Amino acid sequence: MTAVEYMELAIKLAASAIGRTSPNPLVGAVVVKNQRIIGMGAHLCAGKEHAEVNALNMAGIEAKGATMYVTLEPCNHYGKTPPCTERIIKEGISKVYVASLDPNPLVAGEGIKRLEAAGIEVEIGLLEHKEKQLNEVFHKFITKKEPFIILKTAMTLDGKIATRTNDSKWITNEASRNKVHQIRNQVDGIMVGVHTIIADNPILTTRLPEGGINPTRIILDSKLSIPESAQVLDMNVAPTIIACTEKRDKNKAIRLEKLGVKVIVCKEMENRIDIADCLKRLGEAGITSVLVEGGSQVHGSFLEAQKHDKFMVFIAPKIIGGESAITAFGGRGLELMSQAIQLDNIEIEQLDNDILITGYPKKQ
Ligand SMILES: Nc1c(/N=C/[C@@H](O)[C@H](O)[C@H](O)COP(=O)(O)O)[nH]c(=O)[nH]c1=O
């Protein structure tokens, strides 16, 4: 195998723990000696061993003189576990390939310096772009302390998310809806507006045949108009956060908190929740990624706040028409086509007859 193939394996190992390491990054490591893999490991969950330690535990004394391929710069500080740099040095590793430097500005490059000072050869950048895409959530959260935002919508060919009578079950097919649950299984939070709660009474859990973890449900509800019979208020199922503003019904807030709901009072902007302030508060609560499922008004607010990091647009080959049918991205909308949010790094996936377009807003 080549160095690229060993790093690809390390990235696959890292990806195997997706959705389970928050707020830590996904990290994988492979130890190779005389063209033979003698150790491999991944960081499986926050507080547990780092990938490098798992790989070195497997390699044992054979690690002396071996090469390590690790997807993220080894840590050089005492966190919940001792520094990986010290363990790498102790085991006698002679060369380390690192895909990406640690994005945390406080420690970027420290681990590399420590390894080189101990006489270990270090090569940086092998498959860096693949590591950055895998850890898109961590790279954003650790630098901005705000959750990585995925705007997900499911619409008909003519761009509607419900008919003019507000009927929306279902637009997309089983395969598409299963894909949505796979994403729910990977994120810390799932967000909808109170209009969606009133229209659909969703439960917003992860329902996969193989099981999964329920994200924290986050409801944007400036005045706390959520029906107290809403399914998302069943706290036995999953945690729920409700973001509101000063205009909230204060007695209802107390009743909701008694149920175990976390109510966060956000700043207001133009008579709605200030999205930027809401995301700052969610970051403080340790939410590192949010799947925003809508509806139309919420997506419109995120566009206006320019607070989206990734788009996942499911399109079903259906047409329902109707000028009052609900559009996928509501709100005021942009004035000119030249202002359109252009997506980049597009991926197109066919799910039976539906298509999923995934993309990232082009950097202005
Ligand atoms: N109408 C559709 C969706 N609708 C998305 C939201 O409006 C729903 O309220 C939410 O997904 C329901 O979550 P649940 O209760 O956990 O099942 N989303 C989709 O991908 N396809 C659709 O056809």
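What counts as what
- Residues numbered from 1 in each chain as written.
- Predicted model: local features only at pLDDT ≥ 70, side-chain atom pairs only at ≥ 80, totals over all residues.
- Heavy atoms only, no water.
- Helix = DSSP H or I, 4+ residues; strand = E, 2+ residues; numbered from the N terminus.
- Rg over C-alpha atoms; globule rule 2.2 N^0.38 Å.
- Contact = heavy atoms within 4.5 Å.
- Pairing = 2+ DSSP bridges.
- Right-handed = clockwise from strand over helix to strand, strands pointing away.
- Near = heavy atom within 4 Å.
- Polar contact = N/O pair within 3.5 Å; in protein donor to acceptor, adjacent residues only side chain to side chain.
- Areas by Shrake-Rupley, 256 points an atom, 1.4 Å probe, with all protein chains shown as cover.
- 1 Å grid on protein atoms, 1.4 Å probe; cavity = no way out; pocket = protein on both sides within 12 Å on 5 of 7 lines; lining within 4 Å.
- Sits in = over half its atoms within 2 Å of the grid points.
- Nonpolar A, V, L, I, M, F, W, Y, C, P; charged D, E, K, R; others polar.
- Phe/Tyr/Trp six-rings, centres within 6.5 Å; stacked < 30°, edge-to-face > 60°.
- Buried < 20%, exposed > 50% of the residue type's maximum accessible area, 1.4 Å probe, protein only.
- Lys NZ or Arg CZ within 6 Å of the ring centre and 35° of its normal.
- pLDDT = per-residue confidence, 0-100.
- Points joined across faces, edges and corners; volume = space filled by probe spheres on them.
- Axes fitted to C-alpha atoms, helices over the stretch in contact; angles between N-to-C directions.

Trainee: What should I look at first to understand the overall build of the protein in this one?
Mentor: Helix and strand counts for the protein stand at 11 helices and 18 strands. Relative to its length of 364 residues, the protein is compact, with a C-alpha radius of gyration of 23 Å against a globular reference of 21 Å. Viewed in the frame of its principal axes, the protein has a C-alpha envelope of about 70 × 45 × 40 Å. The contacts in the protein between residues at least 6 apart in sequence include a share of 69% that link residues at least 24 apart.

Trainee: Even after reading the chapter, I still don't get the pairing of strand 5 (residues 121–124), so can you show me in this structure?
Mentor: Every regular strand shows the same layout, with side chains that alternate between the two sheet faces. Inspection of the sheet shows strand 4 (residues 95–100) paired to strand 5 by four bridges, in the parallel sense. Following the sheet pairing, Val96 is matched in strand 5 by Val122. Taking the sense of rotation as the criterion, the β-α-β connection linking strand 4, helix 4 (residues 110–117) and strand 5 turns out right-handed.

Trainee: Would you take a moment to explain the site of the ligand for this structure?
Mentor: Looking at the ligand, there are 16 residues lining it, with Ile171, Thr172, Asp200, Ile203 and Arg207 nearest. Contact between the ligand and Ser168: a nitrogen atom at 2.9 Å from a main-chain N or O atom of the residue. Contact between the ligand and Asp200: an oxygen atom at 2.7 Å from a side-chain N or O atom of the residue. Calculation on the ligand without its partners gives an accessible area of 520 Å², and the protein chains cover 89% of this total. In this structure, the ligand is accommodated by the largest pocket. Secondary structure elements with two or more residues in the shell around the ligand: strand 6 (148–156), helix 7 (174–184) and helix 8 (194–200). For the shell around the ligand, the residue count by class is seven nonpolar, four polar and five charged.

Trainee: I would appreciate a short explanation of unusual backbone geometry in the present structure.
Mentor: Here the bond from Lys169 into Trp170 is cis, since omega is -25 degrees, no more than 30 degrees from zero. A cis geometry characterises the amide bond from Gly294 onward to Gly295, with omega recorded as 10 degrees. Position of Gly295 among the secondary structure elements: in the loop between strand 14 (289–294) and helix 11 (296–305). Here Lys145, not a glycine, exhibits a phi torsion of approximately 55 degrees, which is positive.

Trainee: How do you make sense of the packing of aromatic side chains when you look at a structure like this?
Mentor: Each aromatic ring pair is specified by the distance between its two centres and by the angle formed by the two planes. For the coordinates displayed, the defined rule picks out three aromatic pairs. On the basis of an interplanar angle of 35 degrees and a centroid distance of 5.1 Å, the ring pair of Tyr6 and Tyr69 is categorised as tilted. Here Tyr69 lies in strand 3 (residues 67–72) and Tyr6 lies in helix 1 (residues 3–15), a separation of 63 residues in the sequence. Pair check on accessibility: Tyr6 and Tyr69 agree, each one buried. Summarising the aromatic geometry, the rings of Tyr69 and Tyr97 are spaced 4.7 Å apart at their centres and angled 5 degrees between planes, so their arrangement reads as stacked. Here the residue Tyr69 occupies a position in strand 3, and Tyr97 occupies one in strand 4, the gap between them amounting to 28 residues. Summarising the burial analysis for this pair, Tyr69 and Tyr97 share the class buried. Linked through ring pairs, Tyr6, Tyr69 and Tyr97 together constitute an aromatic cluster. The ring centre of Phe141 lies 5.7 Å from the NZ or CZ of Lys145, which sits over that ring. The ring centre of Trp170 lies 4.8 Å from the NZ or CZ of Lys169, which sits over that ring.

Trainee: Sorry if this is basic, but what is going on with the side chain of Lys140 here?
Mentor: Positionally, Lys140 belongs in helix 6 (residues 136–144). Take Lys140: its relative accessible area is 13%, and that puts it in the buried class. For Lys140, the side chain forms a polar contact with the side chain of Asp309, separated by 2.7 Å. Excluding anything up to four places from it in sequence, Lys140 contacts Lys145, Glu146, Pro147, Phe148 and Asp309.

Trainee: I would appreciate a short explanation of the confidence of the model for the protein in the present structure.
Mentor: Atomic detail in the predicted coordinates should be set aside for any region of low pLDDT. Of the residues in the protein, 100% reach a pLDDT of 70 or more, and the chain-wide mean stands at 96. Across the interface, the model reports ipTM at 0.96; the global pTM reads 0.95.

Trainee: Got a minute to help me understand empty space enclosed by the protein in this structure?
Mentor: The rolling of a water-molecule-sized probe over the atoms marks out the regions of remaining empty space. In this structure the tally under the stated criterion is one cavity of 30 Å³ or more. Its boundaries defined by the atoms lining it, the largest cavity holds a volume of some 50 Å³. Taken together, Glu73, Pro74, Cys75, Asn76, His77, Asp102, Val107, Glu110 and Gly111 make up the lining of the largest cavity.

Trainee: Would you mind going over the sheet that holds strand 2 (residues 36–42) with me for this structure?
Mentor: Strand pairing in a sheet relies on backbone hydrogen bonds. The paired strands run either parallel or antiparallel. Spatial ordering of the open sheet is given by 2-1-3-4-5, a layout of five strands whose pairing is mixed. Edge strands, defined here as strands with exactly one partner in the open sheet, are strand 2 and strand 5. When the angles between neighbouring strand axes are averaged without regard to direction, this sheet yields 15 degrees. For strand 1 (residues 28–33) and strand 3, the ladder comprises four bridges, and the chain directions are antiparallel. If you follow Val32 over to strand 3, its bridge partner there is Thr67. Each of strand 4 and strand 5 is contacted by helix 4, which is oriented at about 150 degrees to strand 5, the strand it contacts most.

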